[in-house]
Amino acid sequence: MKEFDDFNFSVDKYTKELTRECVGGSDLQQRKKEIEAYNEQTSAMLKQTCKKNYMQFIQTAKEISHLESEMYQLSHILIEQRNILATMTDGKTTSNLKADSIEAESSAATEDVENSQATRAVKEMVQGFNGNLEGKTFLNEGALIELDANDYRPIQRVFFFLFNDVLIVCKVKHDKRLEFLTEYDPKRIAVINIKDLDGVKNAINIITPDGSKIYQSITAAGKSEWIEKLEEAFRFDQQKKPKKGQAPQPPNRSKQQQQQAQSKSATPEKLPEQSPTDAQPKSLEDETPEWLSTASEEIQTLVAQRHFEDAQSLIKRTQEFLSMAQPKPKLLQADVIQAKIKQQEQKLTNVLLQELSNSHNRNLQIALREVRRPLKILVEMGRSRQASATLLKVCTVSLRVAQREARRNNAEISELFFCDLTQVACDFLSAFEQQPACVSALVVWCNAELQYFASQLIKHYLTKGTSLEAVAKCVERVRKPATKLTEIGLDISYHLEGLLRTTLESLIEESKQRLLDAVGRTEESWQPYNLQTKSNLKRLLLELDALGIDVRAQTTGDTWLSLTQSTVVFVRQFLQLTEHCGCLAKGETLLQSLEHLLRDLFLAHHALRPPSDMSVDPNFVMKNKIFLVDNLLPIAIEKFRKTSGRQCETMRELHTKLSRQQGAPVPRQRSVYTTDVF
């Protein structure tokens with residue numbers, strides 16, 4: 001089959017060579033089978049390779065997502081550290097402050113000139129830009145290359161103009177002119193440094209409201225400069241805020257004495273009056289922590305980075321702080337902050353519910369393992385009802401997919417279903433242990449899943465025409481694992497019996513009619529049963545011993561039984577049927593139908609009579625009937641009791657009734673010869 005892997009493979013040439021080599025149709029059929037087998041093998045290999053590549057792609061995508069979130073987090077941490085260092089270096093002397101003020105004035109004048117020049121350049125050079133740049137601070141400009149996010153292939157050349165509150169993105173046309181593409185708010189974008197790879201260097205990832213985009217700088221210094229300038233634009237408003245002065249120093253004694261003298265000499269009319277409205281904003285501003293004002297943005301960042309636990313703890317901390325601040329004077333913008341926190345809490349809840357609903361998997365264990373993290377956070381947030389409903393929906397999908405695959409593979413579905421149900425119930429109760437109101441949702445869900453399982457069981461395994469043996473085995477395989485749920489306090493056996501009762505009763509009635517119709521169909525010679533060989537007789541005796549009845553007393557000679565063949569067949573069939581009925585009779589609802597089945601079948605065979613025109617020994621016929629009543633019927637009653645754990649009252653009454661009706665053996669008829677000789 002190496003010819004198929006050749007790049008220059010020709011179908012016509014291969015067909016001609018094949019017909020030339022093969023002799024007759026048998027060789028061609030053999031080669032056809034080999035080609036089909038190779039085709040199936042190649043298809044299977046391609047499927048496996050495709051699946052393997054797809055799983056590797058998913059893993060790589062997850063790793064990339066985690067790396068992006070970590071880099072985004074590191075970027076924020078570095079920015080905060082830089083701000084802390086900046087605040088620590090602000091403690092300067094008054095002389096330095098004056099020098100700085102002079103330098104600031106000169107730098108401000110220089111910045112104004114640069115801003116005006118940059119504004120004029122943007123209006124003149126960029127086609128299609130109509131934005132207002134008045135009053136904006138120019139930070140940086142430069143050319144970059146936009147790359148494809150999948151294969152890092154260059155897409156187009158772009159040119160950036162960065163101001164304090166706007167990033168203008170332009171396309172560099174062939175004639176070196178700039179065409180306006182879009183603009184972004186630097187506070188709504190995130191910059192992630194991309195590690196240098198073999199084919200890509202000096203690249204950055206900018207996450208915008210439109211999606212993630214990758215840009216490449218010409219040099220490493222240009223890349224670092226863009227990262228720094230974009231972060232500066234992100235923190236521009238915070239840097240421009242008036243900085244707090246030094247902490248007030250305790251006055252010396254001389255100053256205190258001067259102040260006391262001035263206060264004594266001043267009259268009350270000359271004291272400046274300060275309205276409460278003038279003093280209130282200062283106190284309010286002092287009482288509002290900085291972390292509280294930025295809590296909403298920080299929560300949004302944590303949710304974007306998938307740090308759900310930190311976001312939930314920050315929400316809880318903020319709510320506790322606001323609730324404790326209620327007796328005190330009202331904080332500045334407390335209502336606005338509280339509304340934002342509630343909005344972020346609702347967004348976090350929606351994200352967690354989405355994570356929970358997307359956790360369904362073909363494997364229930366994997367699905368339950370994936371939902372533990374969002375489930376725990378939702379319970380702590382007080383969203384137990386929504387979390388329980390979503391969790392049960394996920395379990396429904398996984399449960400039904402597993403059942404469908406088990407039926408397709410002819411696997412055991414009953415054990416699988418009840419094991420999965422037990423696992424779901426255990427995980428549910430452990431997750432909502434402190435929420436008793438959610439247990440009712442679990443009970444309702446178990447009821448719905450049990451109804452679906454019973455419908456699938458009836459549809460695929462308890463169909464019309466199913467033998468009673470298959471029905472008994474199916475029901476027994478369902479009952480055993482169902483009773484194990486009582487260990488966790490969930491008893492569904494009675495409900496399961498009710499769901500299957502109608503179908504089982506119809507199958508029992510159908511089997512009863514089929515068995516009664518089969519009685520007497522075979523022709524009976526009413527002669528002792530000859531098994532031909534000793535081995536056949538021994539095999540039959542061992543088989544009957546396994547069923548619980550000993551017929552060695554009925555053997556005569558080496559190969560004979562003093563019973564008819566139909567009686568022996570009926571004994572084997574009746575004992576097997578009794579065992580199946582005993583399995584089904586473990587449920588009390590089917591006991592009466594099964595007793596009537598056994599009674600009617602026994603009476604039908606017991607009522608068999610030889611034809612009137614057949615010469616049969618009546619004592620032999622009576623012997624078969626006595627064997628059925630005295631030997632078979634008590635063993636069947638005891639077997640039914642051991643299997644089902646219930647007394648078969650109908651069969652006991654039948655045994656008592658038939659024992660009384662048996663009379664003495666009828667004398668054998670003799671031929672009477674008449675003669676006229678005296």
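Residues numbered from 1 in each chain as written. Predicted model: local features only at pLDDT ≥ 70, side-chain atom pairs only at ≥ 80, totals over all residues. Heavy atoms only, no water.

An unreviewed UniProt entry annotates the protein as Exocyst complex component 8 of Drosophila arizonae. If you open the UniProt record of the protein and go to Function (unreviewed entry), you find "Component of the exocyst complex involved in the docking of exocytic vesicles with fusion sites on the plasma membrane." Recorded under Sequence similarities (unreviewed entry), the UniProt text for the protein is reproduced unchanged: "Belongs to the EXO84 family." (UniProt positions renumbered as here; feature names shortened; annotations may be inferred.)

Asks: Can you walk me through the pairing of strand E2 (residues 138-147) in this structure?
Replies: Each regular strand carries side chains that alternate between the two faces of the sheet. Counting buried positions over the ten residues of E2 gives seven, a clear majority of the element. The antiparallel hairpin formed by E2 and strand E3 (residues 154-163) contains six residues in its connecting segment, where Tyr-152 sits at a positive phi of about 55 degrees. (Buried < 20%, exposed > 50% of the residue type's maximum accessible area, 1.4 Å probe, protein only. Helix = DSSP H or I, 4+ residues; strand = E, 2+ residues; numbered from the N terminus. Pairing = 2+ DSSP bridges.)

Asks: Quick question: what am I supposed to make of the sheet that holds E3 here?
Replies: Paired through their backbone hydrogen bonds, the strands of a sheet run either parallel or antiparallel. One open sheet holds the eight strands; their spatial order is E1-E5-E4-E3-E2-E8-E7-E6, and the pairing between them is mixed. The open sheet has two free edges, formed respectively by strand E1 (126-127) and strand E6 (190-193), since each of these has just one partner strand. The sheet contact formed by E2 and strand E8 (residues 211-216) spans three bridges and is antiparallel. Across the sheet, Ile-145 pairs through a bridge with Gln-216, a residue of E8. Where helix H4 (residues 220-234) meets the sheet, its contacts fall on E2, E3, strand E4 (167-172), E6 and strand E7 (203-208), and the angle it forms with E2 comes to roughly 125 degrees. (Contact = heavy atoms within 4.5 Å. Axes fitted to C-alpha atoms, helices over the stretch in contact; angles between N-to-C directions.)

Asks: I keep staring at the sheet that holds strand E11 (residues 560-561) and nothing clicks. Help me out?
Replies: Across the sheet, which stays open at both edges, the three strands sit in the order E9-E11-E10 with antiparallel pairing between neighbours. Of all strands in the sheet, those with a lone pairing partner are strand E9 (529-530) and strand E10 (555-556), marking the two edges. Taken together, the two bridges between E9 and E11 define a ladder with antiparallel strand orientation. Each residue of the ladder has a partner; that of Tyr-529, found in E11, is Leu-561.

Asks: Sorry if this is basic, but what is going on with the side chain of Glu-476 here?
Replies: If you trace the backbone, Glu-476 turns up in helix H16 (residues 468-483). When its relative accessible area of 15% is taken as the criterion, Glu-476 is described as buried. When neighbours within four sequence positions are excluded, Glu-476 is seen to be in contact with Cys-583 and Lys-586.

Asks: Explanation requested: the packing of helix H19 (residues 565-584) against helix H20 (residues 591-606) in the structure shown.
Replies: Describing two packed helices takes the angle between their axes plus the distance from one axis to the other. Look at H19 against H20: their axes get within 10 Å of each other, and the N-to-C directions meet at 175 degrees. Viewed along their axes, H19 and H20 adopt a mutual orientation that is roughly antiparallel. Each of Ser-566, Thr-567, Phe-570, Phe-574, Leu-577, Thr-578, Cys-581 and Leu-584 in H19 lies in contact with H20, whose residues at this interface are Leu-594, Leu-597, Leu-598, Leu-601, Phe-602 and His-605. (Parallel < 35°, antiparallel > 145°, perpendicular 65-115°, else oblique.)

Asks: Mind showing me how you'd approach the packing of helix H12 (residues 364-380) against helix H13 (residues 384-408) here?
Replies: Taken N-terminus to C-terminus, the directions of H12 and H13 make an angle of 175 degrees; their axes are 10 Å apart at the nearest point. When the interaxial angle is binned, H12 and H13 end up roughly antiparallel. Here H12 contributes Leu-364, Ala-367, Leu-368, Val-371, Leu-375, Leu-378 and Val-379 to the contact with H13, which in turn contributes Ser-384, Ala-387, Leu-391, Val-394, Cys-395, Ser-398 and Leu-399. Across the contact of H12 with H13, the residue classes break down as twelve nonpolar, two polar and no charged. (Nonpolar A, V, L, I, M, F, W, Y, C, P; charged D, E, K, R; others polar.)

Asks: What am I meant to see in a nonpolar patch on the surface here?
Replies: Nonpolar side chains collect at one region of the surface, where Tyr-54, Met-55 and Phe-57 lie side by side and expose about 360 Å² of accessible area between them. Relative to the elements of secondary structure, Tyr-54 occurs in helix H2 (residues 24-88). (Patch = residues over 30% accessible without salt bridge, like charges linked within 9 Å, V, L, I, M, F, W, Y side chains within 5 Å. Areas by Shrake-Rupley, 256 points an atom, 1.4 Å probe, with all protein chains shown as cover. Salt bridge = Lys/Arg side-chain N within 4 Å of Asp/Glu carboxyl O.)

Asks: What's the story with the packing of aromatic side chains in this structure? I'm lost.
Replies: Here a ring pair, both rings aromatic, is described through the centre-centre distance and the interplanar angle of the planes. With the rule as written, the count across this model stands at 13 aromatic pairs. Here Phe-138 and Phe-163 contribute two aromatic rings whose centre-to-centre distance is 5.6 Å and whose plane-to-plane angle is 70 degrees, an arrangement assigned as edge-to-face. Of this pair, Phe-138 sits in strand E2 while Phe-163 sits in strand E3, and the two are 25 residues apart along the sequence. Per residue, the accessibility class of Phe-138 equals that of Phe-163, and both read buried. Its guanidinium or amino end placed over the ring of Trp-291, Arg-317 lies 3.8 Å from that ring's centre, counting from NZ or CZ. (Phe/Tyr/Trp six-rings, centres within 6.5 Å; stacked < 30°, edge-to-face > 60°. Lys NZ or Arg CZ within 6 Å of the ring centre and 35° of its normal.)

Asks: Just to check I follow, could you spell out empty space enclosed by the protein for this structure?
Replies: Empty space left among the atoms is revealed by rolling a probe the size of a water molecule over them. Tallied over the full model, the rule gives four cavities of 30 Å³ or more. Around the second largest cavity, the lining residues are Trp-526, Ser-566, Thr-567, His-605, His-606, Leu-608, Asn-624, Lys-625 and Leu-628. Within the residue set of the lining of the second largest cavity, elements represented by two or more residues are H19, H20 and helix H21 (618-644). Sort the elements by how many residues they give to the lining of the second largest cavity and H21 lands first, with three residues. (1 Å grid on protein atoms, 1.4 Å probe; cavity = no way out; pocket = protein on both sides within 12 Å on 5 of 7 lines; lining within 4 Å. Points joined across faces, edges and corners; volume = space filled by probe spheres on them.)

Asks: What is the right way to read the nonpolar core from this model?
Replies: The nonpolar side chains of a soluble globular protein tend to be buried, and buried together. Formed by 102 residues in total, the largest nonpolar core has its most connected members in Phe-418, Trp-445, Phe-574, Phe-602 and Leu-632. Phe-602 has contacts with Phe-570, Phe-574, Leu-628, Val-629, Leu-632, Leu-633, Leu-654 and Leu-658, leaving out every residue within four places of it along the chain. Judged by nonpolar contacts, the second largest core, of 17 residues, contains Leu-139, Leu-167, Val-169 and Tyr-184. (Core = buried A, V, L, I, M, F, W, Y, C linked by side-chain atoms within 4.5 Å.)

Asks: I tried to follow the environment of Met-125 on my own but got confused; where do I start?
Replies: Counting through the fold element by element, Met-125 comes out in helix H3 (residues 94-125). Accessibility expressed as a relative area gives 41% for Met-125, which makes it partly exposed.

Asks: Please clarify how the pairing of E7 should be interpreted in this entry.
Replies: Of all six residues making up E7, five are buried, and the element is well covered by its neighbours. Where E6 and E7 come together, four bridges link them in antiparallel fashion. Among the inter-strand pairings, Ala-190 is bridged to a residue of E7, identified as Ile-207. Two successive antiparallel strands, E7 and E8, enclose a turn made up of two residues.

Asks: What exactly am I supposed to notice about the pattern of salt bridges here?
Replies: Side chains bearing opposite charge may pair, as long as their charged atoms lie close to each other. Following the criterion strictly, the structure yields 20 salt bridges and no others. Salt-bridge contacts for Asp-600 lead to Lys-512; the nearest nitrogen and oxygen are separated by 2.6 Å. Residue Asp-600 is found in helix H20, and its partner Lys-512 is found in helix H17 (residues 493-518); the two are separated by 88 residues along the sequence. Like Asp-600, the residue Lys-512 is buried in the burial classification. Through salt bridges with shared partners, a single ionic network connects Lys-512, Arg-599 and Asp-600.

Asks: Even after reading the chapter, I still don't get unusual backbone geometry, so can you show me in this structure?
Replies: A negative phi holds for most residues other than glycine; trans holds for most peptide bonds. In the Ramachandran plot, Asn-202 falls in the positive-phi region, its phi being about 60 degrees despite a non-glycine side chain. Along the polypeptide, Asn-202 turns up in the loop between E6 and E7. Non-glycine residue Asn-410 carries a positive phi angle of around 55 degrees. For Asn-410, the position within the fold is in the loop between H13 and helix H14 (413-431).

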